[in-house]
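One letter stands for each residue in the lines below.
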Amino acid sequence: RERRRTRGLFRPPRFDEDTVTVSTALLQYISFSEPPASAMAAEGFKIDWPPADASGGGGGGGGCCAPGQACDDGACDAPAPKLTKIHIAGWPGCGYFRKAKAALETLSVLFPDKYEIVTHESADREAYREFLFPLRDQMANSKANSHTSSPFVAMGEDFAAAPADCTYLGGCDAALDYARSLFGGPTAAPKPAASVADGYTPGNEYDYDLVVIGGGSGGLAASKEAAKILGDGGKVLVLDYVKPSPKGSKWGLGGTCVNVGCIPKKLMHQSSLIGELINEDARHFGWVSPASAAAAEGEGEAAPPQNVHQWDTMRSEVQSYIKGLNFKYKVSLRDAKVKYVNGLGEFAGEHQMKITTFKGKAKTPKEEIVTFARALVATGGRPTALSCPGGEHAISSDDLFSLDKSPGKTCIIGAGYVALECGGFLTALGCDTTIAVRSVLLRGFDRECCDKIGAFMAAKGTKFIHGATPSNIAPTADGKYEVTFTNGSTDVFDTVMAAAGRTADTAGLNLAAVGVEASPKNGKLQCVDEQTNVPYVYAIGDVLQGLPELTPVAIQAGIMLARRMFGGASEAMDYKNIATAVFTPIEYGAIGLSEEEAIEAYGEANLEVYHSEFVPLEWSLSPERETDTYSGFCKVICDKTANMNVVGMHYLGPNAGEVTQGYGVAMKKGFNFRDLSETVGIHPTTSEVFTTLTVTKSSGASAAAAGC
């Protein structure tokens, strides 16, 4: 009957396994005063029960009372929790409207302190469109501007009075997906971006729909995604020009990661690992040179090592590989129909960009003004120069990977991941390396893990000067550098390298011409969901204040931003629980909170920390590894007040990036310690240690693993 009445517009739901699972869980929720968690877990149900309000309440009224108790009017002064308002507009003859409305209203019934559903119901299709069209046209989302079907779903305070302040969600399918996402695990539904209308209209008169300043990983990803969405009528421009480092180093298209960051760093780190395999492990696994084998059999004296490291060979191979990537990036832009200009971009006024190119051997500057509807700042950062006298003599990571010869005896200033990664592989490649540490290693990471990294590196030969920085760097007559430290000590080095932080490369963008505000301290931009204080100017990557400076973060943020700008999407970038790895001599992988951050967020009494020290099987035959003192390590940090949800994972050992990446999806979706311990591990691997953890810090028992 329903199908006939709506002329086939409404399709009755199919009761598949997921529907039955959720429906059964909802019936159980409604039938009990509290969620029967243990019974549901036994049946395999996993529902995202809304957490108790921050005030400690979980009751029926405003969240201020005990579970199962409702507030009497005026019984308490606790502030009402902030509701998520979801607006749904449509007309009653539309089956899709009724279906989406029923699903959303169920949320308000189950979680009255979380969701409020506001219905905008019109008499018929014509009245619905008369109501909707003037409102949707005021929204920032281009897909919302072209939405004609019923229903129309948005989030915000007052859709009827202030549609520009609301976020477009979509139609019936989007509403159901949103409701369904709340029951897919312990993670919340995707957060819609808080976009402000920027005046963009398709088919505009500007020269470009989008101009991207910066041809790094994030800028390239955003430009190609935008061009794909816009299609043949789209106009996307990428500007990229590498300003040489103070030492004159320069490179091609692709940004820091490809040219002077992740890629050459990982390759040189790999070179150091190969050296370890040759020097520490190979003979214990039966690999010896013919000369060494003959000497062992008494046929002659032992020959010197067959393998010595050649910096120039490694450098040449690494740089050749990078140049190949530079070419591939140009080709990918061409294939995506993105225009690429090797030039500097700077704002010249509202919706205006000045492009400066440098032609010929004389590099004669040529200027051009173009107009744009939207601009994206993706210029990344550059190493911060040393401020002490003689600081200009220091190289940086912009220079290290292209040095013609080995840096020799090296002093690295800094204690972040760049300093420790570079210091680690330089030591392994035979360089006498000293790292000057002002305060602590790897600030912001887990302290226990960082201390273990420092001890491991020191055992491998890297020297540390703690609590000191250079006060003066002076050239010597023989081409070296005498460094005086703030603790009064001095030493002479072949190379001094600055790795004491990075500064956003925004100084030359003339941001004032359009009113974009940047930090005077580090040049970074304070954005809301990648949108600056000037609505039509956006930013991603390392130029953003207070967000992870990681290549995959910039890529993901750029793609999602392009989809919001031109594809009608609304989902914001999620910067939480992002897996990362530090490629120090003992590699470090981390997801979520450090132990210190977890204590600050939850309180030490509310945490359980599982940990283990283990010997990776591949290290077990080599006495040189000193595994009795320097072993692998992992720990999992759990919230005891929330079903032992995992809030942090940390790993020290081989292949940390691969191990940690494997748990990235689980952390993003949310899981608890039981989920982890019930996972069958792959044997023998280091990653399986996470699935066999039993020792807690609170027990006081040894974390050393026994057996295989």
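Residues numbered from 1 in each chain as written. Predicted model: local features only at pLDDT ≥ 70, side-chain atom pairs only at ≥ 80, totals over all residues. Heavy atoms only, no water.

Q: In this structure, what is going on with the side chain of N326? I would like to understand it.
A: Mapping N326 onto the fold places it in helix α12 (residues 311-335). Relative accessible area serves as the criterion here: at 10%, N326 is assigned to the buried category. Within the local environment of N326, its side chain forms a polar contact with the side chain of N259, the two groups lying 3.1 Å apart. (Helix = DSSP H or I, 4+ residues; strand = E, 2+ residues; numbered from the N terminus. Buried < 20%, exposed > 50% of the residue type's maximum accessible area, 1.4 Å probe, protein only. Polar contact = N/O pair within 3.5 Å; in protein donor to acceptor, adjacent residues only side chain to side chain.)

Q: Would you explain a nonpolar patch on the surface in this entry?
A: Taken together, the side chains of F285, W287 and L621 make up a nonpolar region of the molecular surface, amounting to roughly 380 Å² of accessible area. Its location among the elements puts F285 in the loop between α10 (262-281) and α11 (290-296). The exposure class assigned to F285 is partly exposed, which follows from its relative accessible area of 42%. (Patch = residues over 30% accessible without salt bridge, like charges linked within 9 Å, V, L, I, M, F, W, Y side chains within 5 Å. Areas by Shrake-Rupley, 256 points an atom, 1.4 Å probe, with all protein chains shown as cover. Salt bridge = Lys/Arg side-chain N within 4 Å of Asp/Glu carboxyl O.)

Q: I would appreciate a short explanation of α12 in the present structure.
A: Side chains of residues three or four places apart in an α-helix project in the same direction, reflecting 3.6 residues per turn. Helix length check: α12, at 25 residues, gives a terminal C-alpha distance of 36 Å against a target of 36 Å (1.5 Å per residue), a fit within 8%. Of all the positions in α12, only W311, M314, V318, Q319, I322, L325, N326, S332 and L333 are classed as buried. Note on α12: the residue one or two positions beyond its end, K337, has a positive phi of about 65°. (Expected span 1.5 Å × (residues − 1).)

Q: Would you take a moment to explain the nonpolar core for this structure?
A: Nonpolar side chains in soluble globular proteins tend to be buried together. Of all hydrophobic cores here, the largest spans 52 residues; its most connected members are L210, F347, M353, L376, V377, L525 and V537. If you list the elements that add at least two residues to this core, you get β5 (208-213), α8 (217-230), β6 (236-239), β9 (352-359), β10 (364-377), β21 (537-539) and α16 (551-566). With 7 residues, α16 is the largest single contributor of residues to this core. If we skip the residues at most four places from it in the chain, L525 touches V377, L511, V516, E517, A518, T532, A539, V543, L544 and Q545. (Core = buried A, V, L, I, M, F, W, Y, C linked by side-chain atoms within 4.5 Å. Contact = heavy atoms within 4.5 Å.)

Q: How should I be thinking about the pairing of strand β16 (residues 470-475) in this particular structure?
A: Along a regular strand, successive side chains alternate from one face of the sheet to the other. With 5 bridges joining them, β16 and strand β17 (residues 481-485) adopt antiparallel strand pairing. The partner of P475 across the bridge, within β17, is Y481. Connecting β16 to the antiparallel partner β17 that follows it, the hairpin turn spans 5 residues, and G479 within it adopts a positive phi of roughly 85°. (Pairing = 2+ DSSP bridges.)

Q: I'm lost on the pattern of salt bridges in this one. Help?
A: Opposite charge on two side chains makes pairing possible when the charged atoms of those side chains draw close. A complete count under the given rule lists 34 salt bridges for this structure. Residue R625 pairs with E280 through a salt bridge whose shortest N-O separation is 3.7 Å. Here R625, found in the loop between β24 (607-614) and β25 (632-639), pairs with E280, found in helix α10; they are 345 residues apart in sequence, far enough to count as distant. What makes R625 buried here is its relative accessible area of 7%. When the shortest N-O distance is used, the salt bridge between D335 and R334 registers 3.8 Å. Note on R334: relative accessible area 59%, which makes it exposed. Taken together, the salt bridges that share partners define one network made up of E276, E280, D281, K460 and R625.

Q: Would you explain the environment of N522 in this entry?
A: Looking at where N522 falls in the secondary structure, it is placed in the loop between β20 (502-504) and β21. Along the primary structure N522 and D505 are separated by 17 residues, whereas in three dimensions their C-alpha atoms are 8.9 Å apart. Every residue in contact with N522, bar those within four places of it in the chain, is listed here: T503, A504 and Q545.

Q: Is there a simple way to think about unusual backbone geometry in this case?
A: Among all residues except glycine, the phi angle is most often negative; among peptide bonds, the trans geometry is most common. With omega at 5°, the peptide bond leading from S150 into P151 counts as cis. Structurally, P151 can be placed in the loop between α6 (142-145) and β3 (152-155). Phi angles above zero are rare outside glycine, and K363 is one such case at about 55°. Looking at the element boundaries, K363 is found in the loop between β9 and β10. Despite not being glycine, M644 shows a phi value in the positive range, around 60°. Along the chain, M644 falls in the loop between β25 and β26 (645-652).

Q: How should I be thinking about the sheet that holds β16 in this particular structure?
A: Sheets are built from strands paired through backbone hydrogen bonds, the pairs being either parallel or antiparallel. As summarised here, the arrangement of the 3 strands in space is β16-β17-β18, forming an open sheet in which the pairing is antiparallel. The sheet terminates laterally at β16 and β18 (490-493), the two strands that pair on one side only. Ignoring which end each strand starts from, the neighbouring axes of this sheet average 20° apart. Where β17 and β18 come together, 4 bridges link them in antiparallel fashion. Paired with V483 across the strands is D491, a residue of β18. (Axes fitted to C-alpha atoms, helices over the stretch in contact; angles between N-to-C directions.)

Q: Whenever I open this one, the sheet that holds strand β4 (residues 167-170) confuses me. Can you help?
A: Spatially, 4 strands are ordered β2-β1-β3-β4 in an open sheet, and the strand pairing comes out mixed. Each of the sheet's edge strands pairs with one partner strand only, and the pair in question is β2 (115-121) and β4. Neighbour-to-neighbour, the strand axes of this sheet turn through a mean angle of 25°, independent of strand direction. Pairing of β3 with β4 involves 3 bridges; the strand directions are antiparallel. Residue pairing for β4: A154 is matched across the bridge by Y168. Packing against the sheet, helix α4 (residues 95-110) makes contact with β1 (84-90), β2 and β3, and its axis sits at approximately 155° to β2. In this fold helix α7 (residues 172-181) packs onto β1, β2, β3 and β4, with an angle of close to 95° to the strand it touches most, β4.

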